[in-house]
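So the chains spell out like this:
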Amino acid sequence: MIVAERLLPAVLGLALAGAAAAADPGRGAGLYEARCGACHSLDAHRVGPLHRGVVGRRAGSAPGYDYSPALAAAAFTWDAALLDAWLKDPEALVPGQRMGYSVADASDRGDLVAFLLSVSRR
Amino acid sequence: MLIKTTPAQYSARRNFLGRSTSIALSGAAVALLAGNSRLAVAATGNPSGDVNILNVALGLEHEAIAAYQVGAESGLLQKPVLDTAVLFQSHHKQHRDALVATIEKLGGKPVMAKSNSDYAASLGAGGLKSQTDILNLAARLELGAANAYIGVIPAFSEKDLAKVAARLAADETMHWSLLANALGKPVPMAALSFGA
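Residues numbered from 1 in each chain as written. Chains lettered and ligands numbered in written order. Predicted model: local features only at pLDDT ≥ 70, side-chain atom pairs only at ≥ 80, totals over all residues. Heavy atoms only, no water.

Looking up chain B in an unreviewed UniProt entry gives the name Ferritin, with the organism given as Accumulibacter regalis.

Looking at an unreviewed UniProt entry, one finds chain A named Cytochrome c class I, with Accumulibacter regalis as its source organism.

Chemist: When you look at the overall build of chain B in this model, what are you seeing that I'm missing?
Modeler: Along the backbone of chain B there are 8 helices and 0 strands. Scored against the burial criterion, the 196 residues of chain B give a buried share of 44%. Counted over contacts in chain B with a minimum sequence separation of 6, partners at least 24 positions apart contribute 82%. (Helix = DSSP H or I, 4+ residues; strand = E, 2+ residues; numbered from the N terminus. Buried < 20%, exposed > 50% of the residue type's maximum accessible area, 1.4 Å probe, protein only. Contact = heavy atoms within 4.5 Å.)

Chemist: I'm lost on empty space enclosed by the protein in this one. Help?
Modeler: Left-over empty space is what a probe sized like a water molecule reveals as it rolls over the atoms. Taken as a whole, this structure holds 4 cavities of 30 Å³ or more when the rule is applied. Of the pockets and cavities examined, the largest cavity occupies roughly 90 Å³. What lines the largest cavity is A:Ala38, B:Leu60, B:Glu61, B:Glu63, B:Ala64, B:His92, B:Leu141, B:Glu142, B:Ala145, B:Tyr149 and B:Glu172. Going through the elements one at a time, helix 4 (47-73) and helix 7 (131-152) of chain B are the ones with two or more residues in the lining of the largest cavity. Forming the boundary of the second largest cavity are B:Ala64, B:Ala67, B:Tyr68, B:Gly71, B:Leu128, B:Ile134, B:Leu137, B:Ala138 and B:Leu141. Of all the elements in the fold, those that place two or more residues in the lining of the second largest cavity are helix 4 and helix 7 of chain B. (1 Å grid on protein atoms, 1.4 Å probe; cavity = no way out; pocket = protein on both sides within 12 Å on 5 of 7 lines; lining within 4 Å. Points joined across faces, edges and corners; volume = space filled by probe spheres on them.)

Chemist: What should I look at first to understand the interface of chain B and chain A in this one?
Modeler: Interfaces are often sized by the amount of accessible area the parts lose when they come together. Counting residues at the interface gives 18 residues for chain B and 17 residues for chain A. Between chain B and chain A, a total of about 1400 Å² is buried, with carbon and sulfur atoms accounting for 56% of that surface. Counting every contact that joins chain B to chain A gives 1 salt bridge. For A:Arg46, the salt bridge goes to B:Glu63, with nearest N and O atoms at 2.6 Å. Of all the secondary structure elements, the ones that give two or more residues to the side of chain B that touches chain A are helix 4 and helix 7 of chain B. In terms of residue count, the dominant contributor to the side of chain B that touches chain A is helix 7 of chain B (8 residues). A per-class count over the side of chain B that touches chain A returns 9 nonpolar, 6 polar and 3 charged. (Buried area = accessible area lost by both parts, 1.4 Å probe. Salt bridge = Lys/Arg side-chain N within 4 Å of Asp/Glu carboxyl O. Nonpolar A, V, L, I, M, F, W, Y, C, P; charged D, E, K, R; others polar.)

Chemist: When you look at the nonpolar core in this model, what are you seeing that I'm missing?
Modeler: As a rule of thumb, soluble globular proteins bury nonpolar side chains together. The biggest cluster of nonpolar side chains holds 49 residues, and the ones touching the most others in it are A:Leu71, A:Trp78, B:Tyr149 and B:Phe156. The greatest single-element share of this core, amounting to 7 residues, is contributed by helix 4 of chain B. Sequence-distant contacts of B:Phe156, defined by excluding residues within four places in its chain, comprise B:Asp50, B:Ile53, B:Leu54, B:Leu161, B:Ala162 and B:Ala165. Ranked by size, the runner-up nonpolar core spans 21 residues in total, among them B:Ala120, B:Leu128, B:Leu137 and B:Ala138. (Core = buried A, V, L, I, M, F, W, Y, C linked by side-chain atoms within 4.5 Å.)

Chemist: Even after reading the chapter, I still don't get the packing of helix 2 (residues 25-36) of chain A against helix 6 (residues 106-118) of chain A, so can you show me in this structure?
Modeler: What describes two packed helices is the angle between their axes and the distance between those same axes. Residues and elements named next belong to chain A. With their axes 7 Å apart at the nearest point, helix 2 and helix 6 run at an angle of 100 degrees to one another. Considering their axes alone, helix 2 and helix 6 lie roughly perpendicular with respect to each other. Taken together, the residues of helix 6 that come into contact with helix 2 (itself represented by Pro25, Arg27, Gly28, Ala29, Leu31, Tyr32, Arg35 and Cys36) are Ser107, Asp108, Asp111, Leu112, Ala114, Phe115, Leu116 and Ser118. Its residues assigned to classes, the contact of helix 2 with helix 6 shows 9 nonpolar, 3 polar and 4 charged. (Axes fitted to C-alpha atoms, helices over the stretch in contact; angles between N-to-C directions. Parallel < 35°, antiparallel > 145°, perpendicular 65-115°, else oblique.)

Chemist: Looking at this structure, I do not really get helix 4 of chain B. What am I missing?
Modeler: Think of an α-helix as turning once every 3.6 residues; residues three or four places apart then point the same way. Between the first and last C-alpha of helix 4 of chain B there are 38 Å, a value that for 27 residues agrees with the 39 Å anticipated at 1.5 Å per step. One or two positions beyond helix 4 of chain B, positive phi appears at B:Gly75, with a value near 80 degrees. (Expected span 1.5 Å × (residues − 1).)

Chemist: Can you help me understand the packing of aromatic side chains in this one?
Modeler: In this description, a pair of aromatic rings is defined by centroid distance and the angle of the planes. Residues and elements named next belong to chain A. One pass over the structure, following the stated rule, counts 6 aromatic pairs over all chains. Seen in terms of ring centroids, Tyr65 and Tyr67 are 4.7 Å apart; in terms of plane orientation they differ by 75 degrees. Their pairing is edge-to-face. Centroid distance Phe76 to Trp78: 5.0 Å. Interplanar angle 80 degrees. Geometry classified as edge-to-face. Following the ring pairs from residue to residue traces out a cluster consisting of Phe76, Trp78 and Trp86. (Phe/Tyr/Trp six-rings, centres within 6.5 Å; stacked < 30°, edge-to-face > 60°.)

Chemist: Any chance you could explain the pattern of salt bridges here in plain terms?
Modeler: When the charged atoms of two side chains lie near each other, side chains of opposite charge can form a pair. Going through the model one piece at a time under the given rule, you end up with 8 salt bridges over all chains. Ionic pairing is found between A:Arg27 and A:Asp108, a salt bridge with its closest N-O pair at 2.7 Å. In this pair, A:Arg27 is assigned in helix 2 and A:Asp108 in helix 6, connecting sequence segments 81 residues apart. A residue is classified by how much of its surface remains accessible, and A:Arg27, at 38% relative accessible area, is partly exposed. Salt-bridge contacts for B:Lys79 lead to B:Asp83; the nearest nitrogen and oxygen are separated by 3.2 Å. Assessed through its relative accessible area of 16%, B:Asp83 is described here as buried. Because the salt bridges share partners, they merge into one network encompassing A:Arg27, A:Arg35, A:Asp108 and A:Asp111.

Printed below as a string of structure tokens:
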């Protein structure tokens, strides 16, 4: 049991990394423009916070953006798995968040996350 | 010309625009949203979650109003495109007023607009050099807003608010369609291209 508990996150992480490798950041860029572009930009805060560098950044921490108390208090750092969970159901990941927008299709989420990864590498 | 039309349709549209841009905002849209007293109670759902989503929607409307203002003041829009831009802006102002009234009715605090120069900067308005650039920006924002409004529908705890989001999405889709036509963009080949 203990072993399984320890292994599970690692296995999940690998599976997601595999999914991300198969994912298409180019398609993700188009999805980003159509689905996220109302509220987000890469380099400016709009209704939602800017996204460049989001992978590896603590949640709710981009300077100058007025986050919900819930997301501002989140104690995790964005990675592919957490972004996938956020896009699937933001309220389940961070109750009290303000985004309220979700992406139902897993391969769409994979492509979006691959795109966010591609704009986060320094 | 915003929309490719025959001269007869053109003058019909001129009349339409002429009338529409001079309408007094009656507040009818506000009543549509806020006249529902059941919303004031909203005891069944999650009013603070709903207020959060409505405030995000209000933020989109503030941004759209500013974008059309920047466009209208740029000197790049020719009549009758300018009139249409002002008409679309007036729709967004009615959305704003309706959302503010609804948020207040639910006991929330409506988000304030930022300054037009803040919006201009975050939208990259400095790079707008032509009427086409402005129409492209407007089309992008309207499409994004339509998709966003459809996307938040399932997140409302109150069904009446979900319907409001659908009605807002319909207005934005109508704007996008006219802008896309003016830009000579093709009609989407596939069905169900919005809000996927």
